[in-house]
Amino acid sequence: MWRDLLPIGRHPESRGYRRFAWTGADLDCRAWFKDQAEARGLTYEVDRNGNQWAWLGDPAAGDAVVTGSHLDSVPDGGAFDGPLGVVSSFAALDELRGRGAELARPLAIVNFGDEEGARFGLACVGSRLTAGQLTVDNAHKLTDGDGVSLPRAMEAAGYDPDTIGADPERLDRIGAFVELHVEQGRALDLSGDRVGIASAIWPHGRWRFDFRGEANHAGTTRLVDRRDPMLTYAETVLAARREAELAGAVATFGKIAVEPNGVNAIPSLVRGWLDSRAEDQTSLDTVVGGIEKAARGYADAHGIELDVVRESFTPVVEFDHALRDELGRILGKDTDLTVPVLGTGAGHDAGILSGRIPTAMLFVRNPTGVSHSPAEFAAEDDCVAGVLALADVLEGLASR
């Protein structure tokens, strides 16, 4: 499975992945998922929001145990973020069948669409729509860098955009969702453990900062006469680092758009996107508030107009304590081992769904901690340990 999926959407020069929602690479990944489902005799379906499902047992029976993740990527992302969870889900099912496990509850594997938000700027679109956290009107307003709307992209890919929206009936049939994911950090590497259990997801969001100045000639305009928004943006980037360090949080300006974007032109507009995350809401508010305050001070000093827009936000997610404890009990059964429990600053579909159904996560060790990069990696023996842990969890949950 891993070999078949590995070349899809891989850029020949960067060696990273560009599997953006509803593009050719995404459709190839979707075709791969369907093939895997049908090869195992599973009931395959696509829901109203374009998420893919593969069912063992009756989908309408209710109280299902669901696992899976996503197959799309960030720009030049790594191979493991998302796909490891989907591949491991199919492998865990194969393991259960090999054991002759008898399941009393339906089991499903899901591929949630557009988790990374690389194309339309909003993460977890598929799960947000399903959970009702993204309205149909707001979904229709999402556009990519070329001005293509989400409905147009879905339609061009052969999917019906008129059906999108909240899907409470589907969620009501799910008793538990467990997502396996490569760890995006080094906690497991430092503790020497192959697999861990998630406790919570830090609150996080994305903010757009629009710095508006005055376009002018780069060679003839005196420095004193300039209203250069790039200077204000640069000072704001440094302020973000300072504020994050003070609060023990993280803040990143990772995307920028410049107009008119000429080498010999002073910009008229610099648009930067801030991603910030913290262990608690108070710390996050402090960081983002401090960054905006500093940016407005710099803007006033340079004669720059500033608009700040919050484009997305996810509050702190505490995974279901009973389900989390059950995972620990299952994985610690007949051993003296204690599976580590750790928080994360990365958002996931499991976090989006946590407000509607019991969710939990398993992390697989990442020896470098690198993620959202072609250098992302997990060793094969750790991935196998993840599959076996997931199989144990699914068997433990679905056999009772």
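Everything numeric in this text was worked out from a predicted model, so none of it was measured.

Conventions adopted
- For every chain, the first residue of the written sequence is number 1, and numbering continues from 1 onward in sequence order.
- Only residues with pLDDT of at least 70 are given local features in this predicted model, and only at 80 or more are side-chain atom pairs given and counted; all residues enter the totals for whole chains, interfaces and linings.
- Working from all heavy atoms in the structure, the side-chain values ignore hydrogens and water.
- Paired strands, as defined in this entry, are two strands with at least two bridges between them according to DSSP.
- The helix count covers DSSP runs of H or I at least four residues long, the strand count covers runs of E at least two residues long, and both are numbered beginning at the N terminus.
- Only the stretch in contact is used when a helix axis is fitted, and all axes are lines through C-alpha atoms; the angle between N-to-C directions ranges over 0 to 180 degrees.
- Contacts are residue-level and defined by heavy atoms, with any inter-residue pair within 4.5 Å sufficient.
- Relative accessible area decides the class of each residue, using a 1.4 Å probe on protein chains only: under 20% of the type maximum gives buried, over 50% gives exposed, and in between gives partly exposed.
- Classification remark: right-handed applies to a crossover when, strands pointing away from the viewer, the course from the first strand over the helix to the second runs clockwise.
- In this analysis a 1.4 Å probe is tested at points of a 1 Å grid over the protein atoms alone, and where it fits but cannot get out there is a cavity; an open set with protein on both sides within 12 Å along at least five of seven lines is a pocket; lining residues have an atom within 4 Å of a point.
- Grid points are joined across faces, edges and corners, and a volume is the space filled by probe spheres set on the points.

Chemist: For this particular structure, what's the right way to read the sheet that holds strand β12 (residues 305-314)?
Modeler: Hydrogen bonds between backbone atoms are what pair the strands of a sheet, whose relative direction is either parallel or antiparallel. Strand order in the open sheet formed by four strands is β9-β11-β7-β12, with antiparallel pairing between adjacent strands. Among the strands making up the open sheet, the edge pair consists of β9 (250-259) and β12. In this sheet, neighbouring strand axes are inclined to one another by 15° on average, regardless of whether the strands run parallel or antiparallel. Note that β9 and strand β11 (residues 269-277) share nine bridges and pair antiparallel. From the neighbouring strand, E259 faces β11, where its bridge partner is L269. Sheet strands in contact with helix α9 (residues 229-247) are β7 (204-212), β9 and β11, and its direction is about 170° off that of β9.

Chemist: Help me understand the pairing of strand β4 (residues 107-111) in this model?
Modeler: For a regular strand, side-chain orientation follows a simple rule: the groups alternate between the two sheet faces. β4 sits mainly inside the fold: five of its five residues count as buried. Residues L107, I109 and N111 line one face of β4 and the alternating positions A108 and V110 line the opposite face, and both faces are buried. Note: strand β2 (residues 52-56) against β4, five bridges, orientation antiparallel. Bridge assignment links A54 to a residue of β4, and that residue is I109. As paired elements, strand β3 (residues 64-69) and β4 share five bridges and run parallel to each other. Paired with S69 across the bridge in β4 is N111. Handedness of the β-α-β unit built from β3, helix α3 (residues 83-99) and β4 comes out right-handed.

Chemist: Help me understand empty space enclosed by the protein in this model?
Modeler: To locate leftover empty space, one rolls a probe as large as a water molecule over the atoms. Under the defined criterion, the tally for this structure stands at two cavities of 30 Å³ or more. Together, A21, W22, R30, N49, N51, G113, D114, V125, G126, L129, L150 and M154 line the largest cavity. Among the elements that take part in the lining of the largest cavity, helix α4 (residues 125-131) stands out by supplying three residues, more than any other. Residue lining of the second largest cavity: W2, L5, L6, Y17, R19, A79 and P83, and that is the complete set.

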